[in-house]
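Read off the chains here:
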Amino acid sequence: MKKLKQTLKLSLLSLAVVAGLSACSLDGDDGKDGQAGVPGEQGAPGTPGTDGQNGADGQDATRDLSLQVVGRFAAGGIEIYGKSAAEIVQFHKTSGSAFAINAAVNHIEVINLANLPTTEVANPITDTSLSSAAFTFPDTVTVKDSNGVDQQVALGVANSIAIYGDMLAIAVEAAVKTDMGAVLFYSLDAMGQGTFVKAVAAGALPDMLTFSPDGSKVLVANEGEPDTDYNVDPEGSISVISISDNTPADTAATINFTTDMTFSSDLLDDEDYDTDAKRMALLKQAGVKFAGPAGTSVAQELEPEYIAVTSDSKKAYVSLQESNAIGIIDLDDMTVEVKALGFKDWSKYELDFTNEDEVPFFRSVKGLYGMYQPDTIASYEWNGATFILSANEGDSRDWDAYSEEVRVEDIIDPDEMNMLLSAELQAAYDASGADDGLGRLKVTTALGDADNDGVYEGLYAYGGRSFSIWDQNVNMVYDSGDDFEKISAAILGNDFNSAHTENKGDNRSDDKGGEPEAITVGEIDGRNYAFVGLERSGDLFVYDVTSPFNVSFINHYNNRDFDTDFELDDDLTEPCDEAEGMDCTEVAESGDLGPESIKFVAAADSPNGNPLLIIGNEVSGTVTIYQVIAE
């Protein structure tokens with residue numbers, strides 16, 4: 001560059017010298033001035049261009065949402081605490097009523113929301129401003145078997161309800177839970193009262209049911225739990241009841257986990273999974289967890305928990321909680337494909353795994369994994385594709401005749417399992433406080449010692465302590481990680497991870513944390529929000545999930561007073577039995593205990609014009625109505 005500049009200088013200097021010499025030796029007389037040129041004509045202005053098309057409206061930005069209690073119903077007092085007196089909830093638009101299963105007296109509460117206010121109640125924790133009417137159903141029904149012959153079914157408790165338009169469906173287990181259950185159909189009037197239509201036989205322990213979005217089907221998750229002695233272990237299954245002209249079919253079609261199971265991989269042929277042994281081997285290889293007595297079949301192991309149907313009513317997804325899997329149901333082919341969910345690596349997140357210190361203390365552990373094991377699932381769409389939300393509660397098989405549940409300390413206890421931890425896990429165990437630290441955590445015996453050499457190379461805890469989003473092929477696209485415990489601890493302090501049976505903070509850390517139980521998704525001002533309820537601690541979390549690849553936390557709420565003093569045991573026949581040392585005198589002042597289900601009501605359907613959340617709290621027996629305000 002320097003050389004080029006020098007060259008240019010020399011060239012300009014040479015030109016100047018030549019010009020100077022020329023001026024000296026060739027200077028002649030100036031010529032006459034020429035005539036001025038004629039200005040050219042100005043061109044005609046061009047034709048203006050046409051206006052471009054308006055751009056598409058941009059999507060509204062994430063907005064903060066506030067939750068306000070605008071009504072609350074209490075099913076009773078000491079006589080119903082801990083007895084699932086407000087479990088599964090639904091909404092009937094015609095009557096403007098919330099429906100809630102009251103298992104304590106085995107009827108449905110129809111809660112009138114017609115005069116629901118738009119201002120928050122004075123005391124959200126103790127409010128009882130809403131009242132109900134009882135909706136009863138018989139204890140015996142007549143159903144038709146596969147041959148069209150009438151059969152009598154003695155009924156036990158109702159487990160689930162669903163409403164489509166003015167049709168109500170109730171899933172009721174048999175008096176003996178391992179027997180065939182039934183679905184009861186009713187036509188609802190403007191007051192929310194029903195006229196019986198018919199009963200349809202379902203599988204063993206129909207635990208949840210839902211209508212397809214087009215109203216053409218009712219899908220039933222038949223959990224098929226064993227009796228506690230494993231004398232009888234029914235198969236899990238899906239019942240599909242067709243509906244035509246508002247009339248249910250007399251019998252249900254059944255999707256089983258034997259001949260109706262399929263594998264979509266082109267690497268497999270039909271003969272690769274045409275026996276139970278082959279199916280179990282493939283599922284285990286994929287990561288599906290099996291835990292049960294020897295000889296338990298695939299269909300006995302897989303226990304359907306909760307169903308979500310796609311918007312086109314052609315597919316559905318079913319959570320298989322204990323097995324850490326989700327099934328994809330093809331409603332055209334009437335088949336199911338089971339997808340393992342994988343495991344959460346707790347070396348990449350932090351959790352509190354002991355209740356002994358009674359304070360929030362979060363640590364990572366290499367070699368510790370979480371099984372997602374979702375309970376409630378929901379579905380929504382983004383860019384025309386279906387995504388599934390899961391509340392990763394966790395659950396074990398813990399029966400008298402078989403239990404997979406153990407504390408880490410019992411694995412190495414010579415008087416218990418008398419096994420070993422790997423050197424890495426043993427070091428983490430010792431550093432954590434041993435039997436008061438990592439030793440407190442409950443894990444499964446079905447996983448961890450892969451080579452059966454008596455050494456646990458990994459520990460597998462129940463639940464993900466999170467919610468997740470999965471794509472339509474059940475591949476994870478998002479997990480909330482360790483948000484729930486850390487947000488709850490930041491707000492509630494030492495009261496985080498409390499149980500729903502007493503006010504004692506940190507006392508669920510050694511189990512499954514706050515236990516994400518209920519989840520729903522709702523659209524507000526063009527954006528989709530997930531609402532997640534934690535069964536034990538009572539926390540309610542709100543996330544913007546409009547894009548499953550750009551999720552953001554929005555808000556947290558907990559409608560509970562942690563300063564009261566109470567204790568009950570929901571494993572007792574009488575959870576408030578004073579002879580057993582229980583004291584329920586302050587439960588009514590303690591707020592909502594044990595959120596089990598959430599129903600979102602869009603503003604267009606809401607009695608007060610605002611989006612609503614209806615939450616059933618099974619331990620306190622309360623139904624709480626929140627309005628959701630976008631700010």
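The rules we used
- Residues numbered from 1 in each chain as written.
- Predicted model: local features only at pLDDT ≥ 70, side-chain atom pairs only at ≥ 80, totals over all residues.
- Heavy atoms only, no water.
- Helix = DSSP H or I, 4+ residues; strand = E, 2+ residues; numbered from the N terminus.
- Rg over C-alpha atoms; globule rule 2.2 N^0.38 Å.
- Buried < 20%, exposed > 50% of the residue type's maximum accessible area, 1.4 Å probe, protein only.
- Contact = heavy atoms within 4.5 Å.
- Areas by Shrake-Rupley, 256 points an atom, 1.4 Å probe, with all protein chains shown as cover.
- Lys, Arg positive; Asp, Glu negative; His and termini not counted.
- Charge placed at Lys NZ, Arg CZ, Asp CG, Glu CD.
- Disulfide = S-S within 2.5 Å.
- Pairing = 2+ DSSP bridges.
- Axes fitted to C-alpha atoms, helices over the stretch in contact; angles between N-to-C directions.
- pLDDT = per-residue confidence, 0-100.
- Salt bridge = Lys/Arg side-chain N within 4 Å of Asp/Glu carboxyl O.
- Core = buried A, V, L, I, M, F, W, Y, C linked by side-chain atoms within 4.5 Å.
- Phe/Tyr/Trp six-rings, centres within 6.5 Å; stacked < 30°, edge-to-face > 60°.
- Arc of directions from axis to C-beta.

Looking only at helices and strands, one finds 6 helices and 37 strands in the protein. Radius of gyration (C-alpha) of the protein: 33 Å, far over the 25 Å computed for a compact globule of 631 residues. Dimensions of the protein, computed from the C-alpha atoms along their principal axes, are close to 130 × 65 × 60 Å. Within the protein, the fraction of its 631 residues that count as buried is 54%. The contacts of the protein with a sequence gap of at least 6 include a subset with a gap of at least 24, amounting to 58%. As displayed, the protein offers around 27500 Å² of accessible surface, 46% of which is attributable to carbon and sulfur atoms. Put simply, the protein has 37 plus and 111 minus side-chain charges, and the middle of one group is 10 Å from the middle of the other.

Glancing now at the state of the cysteines. For the coordinates displayed, the defined rule picks out 1 disulfide. Each sulfur of the disulfide joining Cys576 and Cys584 lies 2.1 Å from the other. Where Cys576 bonds to Cys584 through sulfur, the torsion about that S-S bond is close to -90°, and the disulfide is left-handed. Just as Cys576 is buried, Cys584 falls in that class too.

In spatial order, the strands read β1-β37-β36-β35; together these 4 strands make up an open sheet with antiparallel pairing. In the strand order of this sheet, the two ends are held by β1 (65-74) and β35 (595-601), each with one partner. When the angles between neighbouring strand axes are averaged without regard to direction, this sheet yields 20°. Bridge count for strand β36 (residues 612-617) against strand β37 (residues 622-630) is 6 bridges, and the pairing is antiparallel. Across the sheet, the residue bridging to Ile615 is Thr624, located in β37.

Considering every residue of the protein, the mean pLDDT works out to 92; 90% of them sit at 70 or more. Taken as a whole, residues 1-31 scores under 50 in pLDDT and shows 1 contact with residues more than four places along the chain or in a different chain. A low-confidence stretch, residues 37-43 stays under pLDDT 50, and its non-local contacts, those more than four residues away or across chains, total 0 contacts.

According to the stated counting rule, one finds 28 salt bridges in the structure shown. Glu301 serves as the salt-bridge partner of Arg397, at 3.2 Å between the closest nitrogen and oxygen. One end of the pair, Arg397, is in the loop between β23 (385-391) and β24 (405-407); the other, Glu301, is in helix α3 (residues 298-301), and 96 residues separate them in sequence. Relative accessible area serves as the criterion here: at 2%, Arg397 is assigned to the buried category. Salt-bridge contacts for Arg465 lead to Glu485; the nearest nitrogen and oxygen are separated by 2.7 Å. Separated by 20 residues along the polypeptide, Arg465 in the loop between β28 (459-462) and β29 (467-471) and Glu485 in helix α6 (residues 483-492) bring together distant segments of the chain. Assessed through its relative accessible area of 6%, Arg465 is described here as buried. Using a relative accessible area of 4% as the deciding quantity, one classes Glu485 as buried. Put simply, Glu405, Lys442, Arg508, Asp511, Lys512, Glu515 and Arg536 are held in one network by salt bridges that share partners.

For the rest of this paragraph, the subject is the environment of Gly156. With respect to the helices, strands and loops of the structure, Gly156 is situated in strand β7 (residues 150-164). A relative accessible area of 17% places Gly156 in the buried class. Along the primary structure Gly156 and Leu283 are separated by 127 residues, whereas in three dimensions their C-alpha atoms are 34 Å apart. Discounting chain neighbours no more than four positions away, the residues touching Gly156 are Asn106, Val172, Glu173, Ala174 and Ala175.

To continue, consider the nonpolar core. In this structure, Ile307 and Val338 are the most contacted members of the largest nonpolar core, which totals 29 residues. Looking at this core, the elements with two or more residues in it are β12 (217-222), β13 (237-244), α2 (276-286), α3, β16 (306-309), β17 (315-320), β18 (325-330) and β19 (335-340). Residues within four places of Val338 in sequence aside, it is in contact with Phe257, Met261, Leu283, Val288, Leu302, Leu320, Ala325, Ile326 and Gly327.

With that settled, consider the packing of aromatic side chains. A complete count under the given rule lists 24 aromatic pairs for this structure. Plain terms: the ring middles of Tyr372 and Trp470 are 5.6 Å apart, the flat faces sit at 90° to each other, and that makes the pair edge-to-face. Pair noted here: Tyr372 is in the loop between β21 (368-371) and β22 (377-382) and Trp470 is in strand β29, with a separation of 98 residues, a long-range link. No difference in accessibility class separates Tyr372 from Trp470, as the two residues are buried. Centroid distance Tyr543 to Phe553: 5.4 Å. Interplanar angle 65°. Geometry classified as edge-to-face. Here the residue Tyr543 occupies a position in strand β33 (residues 539-544), and Phe553 occupies one in strand β34 (residues 552-558), the gap between them amounting to 10 residues.

Overall, antiparallel pairing links the 5 strands, which are arranged β6-β7-β8-β9-β10 in an open sheet. Each edge of the sheet is formed by a strand with only one pairing partner; in this case those strands are β6 (140-144) and β10 (194-204). For this sheet, the mean inter-axis angle between neighbouring strands, taken without regard to orientation, is 45°. Here β6 pairs with β7 via 5 bridges, running antiparallel. Residue Val141 lies in a different strand from β7, and its bridge partner there is Val153.

Okay, the pairing of β22 next. In the sheet, β22 pairs with β23 via 6 bridges, with the strands oriented antiparallel. Pairing of Ala378 across the sheet is with Leu389, part of β23. Taken together, β22 and the strand that follows it, β23, pair antiparallel across an intervening segment of 2 residues, in which Asn383 is found at a positive phi of about 55°.

The next point concerns α2. All buried positions along α2 are accounted for by Arg279, Met280, Leu282 and Leu283. Buried residues along α2 cover an arc of 165° about the axis, so they all sit on one side. α2 presents Ala277 and Gln285 as exposed residues on the side facing more than 90 degrees away from its buried surface. Of the surrounding elements, those touching the buried residues of α2 are α3 and β19.

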